[in-house]
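# Structural characterization, general
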Amino acid sequence: MSDRFDCKNCNESLYGRKYIQVEDNPHCIPCYDRLYANTCQECKEIIGHNAKELFYEDRHYHEHCFRCFRCDRSLADESFTSQDNGLVCSDCYCNEFSSKCVACDKTVMPGSRMLEYGGSTWHEDCFMCHGCEKPIGAESFIPDKNKYYCVPCYEGRFAPQCSQCKKALTKGGVTYKEKVWHKECFFCAGCKGPLAGQPFTSQGESPYCVKCFSSLYAKKCAGCKTPITGFGDGKYVSFEDREWHQPCFKCSRCSVSLVGSGFFPDRDQILCTDCNNDD
């Protein structure tokens, strides 16, 4: 009597029948499909032993069920992604979710070189200078209203010129007497020290720092003999050909302040009313 050769699960003879070995145990086809075959994610039917099976992550599909859920095209040989547990081909995904280039109105494909600015998107080659009409690409640019310029075009068309070096002023700078300078070009006509952010004054058309202006042009106080610059507490009193800082304008004898009071000149001195009456 020959040895038995039965299905491990249902014990039916496998002689003359197809079977599948699982861990060294033979199974008839119906038992194998029922016990081990995967269920198709799409149609929920068993994926039989003789069917071509595709899988993505932990999901399994019949080949004919592995399709884009929007356009129904087969994804067997196509690139795709997953959305809300459904499969979407690249074209459908890009049409719905990818940005469009504001220049050519075509989809900016994921992974392609692009530029984003102010909520808009361009293909890198579509981002053009409105001046020379050449691609700006990843180079620096300057926006002007709804137009974009490469740096050379913007400087040549719109940027003001520095009064000192005559080169374009694209950012920052100093404005004085309706003229503009680069910060590093705005310096004292005397010592050549930088004036940006510092107190300064001018003599004619030339700017001067406080120290240079004081030593070169400022009048001297008749009281303390130091320059009257007009900076800080710059109020002063002028009488005939003499000037005083306000705190220095006081009686030559008793030192009482004469600001807002009557006074009397006495040769090189100025006297308050009381000291003048004493004479």
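Residues numbered from 1 in each chain as written. Predicted model: local features only at pLDDT ≥ 70, side-chain atom pairs only at ≥ 80, totals over all residues. Heavy atoms only, no water.

Residues spaced three or four apart along an α-helix point in a common direction, a consequence of the helix completing one turn every 3.6 residues. Turning to helix 1 (residues 29-36), its buried residues are I29, C31 and D33. On its buried face, helix 1 is in contact with strand 1 (19-22) and strand 2 (25-28). (Buried < 20%, exposed > 50% of the residue type's maximum accessible area, 1.4 Å probe, protein only. Helix = DSSP H or I, 4+ residues; strand = E, 2+ residues; numbered from the N terminus. Contact = heavy atoms within 4.5 Å.)

Let's shift gears to the nonpolar core. One finds W122, F127 and C129 to be the most contacted residues of the largest nonpolar core, which totals 14 residues. Put simply, the parts of the chain that give this core at least two residues each are strand 10 (147-150) and helix 3 (151-157). In terms of residues, this core owes the most to one element, strand 10, which gives 3 residues. Sequence-distant contacts of W122, that is, excluding residues within four places in its chain, are made with C101, V102, A103, M114, L115, Y117, F127 and Y148. (Core = buried A, V, L, I, M, F, W, Y, C linked by side-chain atoms within 4.5 Å.)

So, on to the pairing of strand 5 (residues 80-83). Here strand 5 runs beside strand 6 (residues 86-89); their pairing, made up of 4 bridges, is antiparallel. Residue pairing for strand 6: F80 is matched across the bridge by C89. (Pairing = 2+ DSSP bridges.)

Of the strand pairs in this sheet, strand 1 and strand 2 are connected by 4 bridges, and their pairing is antiparallel. Bridge assignment links I20 to a residue of strand 2, and that residue is H27. Two successive antiparallel strands, strand 1 and strand 2, enclose a turn made up of 2 residues, where E23 displays a positive phi of approximately 50°.

We now examine the domain arrangement of the protein. One can read the domain layout of the protein as domain 1 (19-95), domain 2 (98-158) and domain 3 (220-278). On a C-alpha basis, the centres of domain 1 and domain 3 stand 103 Å from each other. (Domains from an automatic or database assignment.)

As a further point, take the side chain of H123. Looking at where H123 falls in the secondary structure, it is placed in strand 8 (residues 120-123). According to the relative accessible area criterion, H123 is buried, its value standing at 18%. If sequence neighbours within four positions are ignored, H123 has contacts with C101, C104, K106, T107, V108, R113 and M114.

Right, let's talk about the side chain of S214 for a bit. Within the fold, S214 resides in helix 4 (residues 210-216). Side-chain polar atoms of S214 contact the backbone oxygen of V210, separated by 2.7 Å. Setting aside its immediate chain neighbours within four residues, S214 contacts K220, P227 and T229. (Polar contact = N/O pair within 3.5 Å; in protein donor to acceptor, adjacent residues only side chain to side chain.)

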